[in-house]
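Listed here are the chains, written in short residue letters.
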Amino acid sequence: MPKKSASNAKATKAKKAKSGPARAVKKAPKLKPPRPWTPEEVREAFSRFQKANPEPKGELEHLNPFTLLVAVVLSAPATDAGVNRATPALFAVADTPQKMLALGDEKLRDYIRTIGLYRTKAKNVIALSEKLIRDFGGEVPRTRAEIESLPGAGRKTANVVLNMAYGEHTMAVDTHVFRVGNRTGLAPGKTPLEVELGLERVIPSEFMLHAHHWLILHGRYTCLARKPRCEVCLINDLCRWPEKTV
Ligand code: SF4
């Protein structure tokens with residue numbers, strides 16, 4: 001009876017596998033997740049950031065919400081310093097969507113050709129200027145969905161513009177904030193969105209206006225990617241990173 005013999009064979013195979021020589025399979029050690037920060041610790045960390053730098057400023061040069069939007073679109077991926085080298089001359093001739101359109105794609109490219117992906121970025125800046133005039137009366141809109149609808153603008157752009165131009169309590173997660181959120185254990189996450197939502201959950205509202213800049217500056221100048229300067233870090237006693245050097 002074929003059915004029976006098939007099941008017998010299966011059982012024998014299973015038995016063999018069970019009783020065969022035990023193989024030493026080494027499991028990777030499970031890393032213990034860091035102990036979450038207490039609300040008091042988070043408050044203490046941000047009080048220290050605040051005391052050290054009460055009015056932190058973003059480093060992207062701009063003149064108004066429109067030029068801020070353009071600078072952020074130009075900055076991904078590029079350094080703020082690289083964008084700042086190109087934009088003062090550009091913004092001197094084109095600080096509104098109307099002037100940007102009048103300048104045109106070709107001349108705009110001349111201003112920004114030192115920035116990576118400048119052709120695509122020039123196209124986006126012209127297209128977003130057109131859309132601002134057509135759909136938003138020439139103004140930078142004030143909602144995340146509307147800003148994200150502009151060519152070249154994503155969630156991070158919307159968060160930066162809403163925070164810096166309109167004082168909203170948003171948390172833009174760039175490479176620095178992502179690293180600091182994870183290393184410190186403040187808001188561990190696999191994606192920028194997870195870190196963003198985690199930070200928004202733990203940071204008290206009174207610190208949220210400046211929290212984005214404190215964390216960016218902390219990542220840019222202290223919690224460096226390769227060689228974090230733990231010895232001068234303001235929050236080294238609170239940080240949960242197992243590899244911190246203090
Ligand atoms: S202690 Fe070191 S790893 Fe932790 S936040 Fe400070 S600089 Fe970064």
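Residues numbered from 1 in each chain as written. Predicted model: local features only at pLDDT ≥ 70, side-chain atom pairs only at ≥ 80, totals over all residues.

Draft legend 1. Inspection of the environment of Ile 147 at higher detail. Assignment of secondary structure puts Ile 147 in helix H7 (residues 144-148). The contact partners of Ile 147, leaving out residues within four places of it in the chain, are Pro 141, Ala 153, Thr 157, Ala 158 and Val 161. (Helix = DSSP H or I, 4+ residues; strand = E, 2+ residues; numbered from the N terminus. Contact = placed C-beta atoms within 7 Å.)

Draft legend 2. Quick peek at the site of the ligand. Around the ligand there are 13 residues in total, and Cys 223, Pro 228, Cys 230, Cys 233 and Cys 239 lie nearest to it. Broken down by class, the residue content of the shell around the ligand amounts to seven nonpolar, three polar and three charged. (Near = placed C-beta within 6 Å. Nonpolar A, V, L, I, M, F, W, Y, C, P; charged D, E, K, R; others polar.)

Draft legend 3. Structural detail: the packing of helix H3 (residues 65-74) against helix H8 (residues 155-166). The N-to-C vectors of H3 and H8 enclose an angle of 150°; their axes lie 10 Å apart at closest approach. The pairing of H3 with H8 is recorded here as roughly antiparallel in orientation. In this structure, the crossing between H3 and H8 has a hand that is right-handed. Facing H3, whose interface residues are Pro 65, Leu 68, Leu 69, Val 72 and Val 73, H8 presents Thr 157, Val 160, Val 161, Met 164 and Ala 165. Each residue belonging to the contact of H3 with H8 can be placed in one class, and the counts come to nine nonpolar, one polar and no charged. (Axes fitted to C-alpha atoms, helices over the stretch in contact; angles between N-to-C directions. Parallel < 35°, antiparallel > 145°, perpendicular 65-115°, else oblique. Left-handed = near helix turned anticlockwise from the far one by under 90°.)

Draft legend 4. The arrangement of helix H5 (residues 97-112) in detail. Relative to the 22 Å expected for 16 residues at 1.5 Å per residue, H5 spans just 16 Å between its end C-alpha atoms, considerably shorter than the ideal helical length. Largest kink in H5: about 95°, centred on Gly 104. For H5, the full list of buried residues reads Pro 97, Met 100, Leu 108, Tyr 111 and Ile 112. (Expected span 1.5 Å × (residues − 1). Bend = angle between axes of the 7 residues up to and from the residue. Buried ≥ 20, exposed ≤ 12 C-beta atoms within 10 Å, placed from the backbone.)

Draft legend 5. Expanded view of the environment of Ala 225. Relative to the assigned elements, Ala 225 resides in the segment after helix H11 (205-221). Looking at Ala 225, the number of C-beta atoms within 10 Å reads 11, which means it is exposed. Distance from Ala 225 to His 176, taken between C-alpha atoms, is 8.0 Å for residues 49 residues apart in sequence.

Draft legend 6. How the structure looks around the packing of helix H9 (residues 175-184) against H11. Between H9 and H11, the shortest axis-to-axis distance is 8 Å and the interhelical angle comes to 85°. In terms of orientation, H9 lies roughly perpendicular with respect to H11. Each of His 176, Val 177, Arg 179 and Val 180 in H9 lies in contact with H11, whose residues at this interface are His 212, Leu 215, Ile 216, His 218, Gly 219 and Arg 220. Residues that form the contact of H9 with H11 fall into these classes: four nonpolar, four polar and two charged.

Honestly, it's all geometry; don't read function into it.
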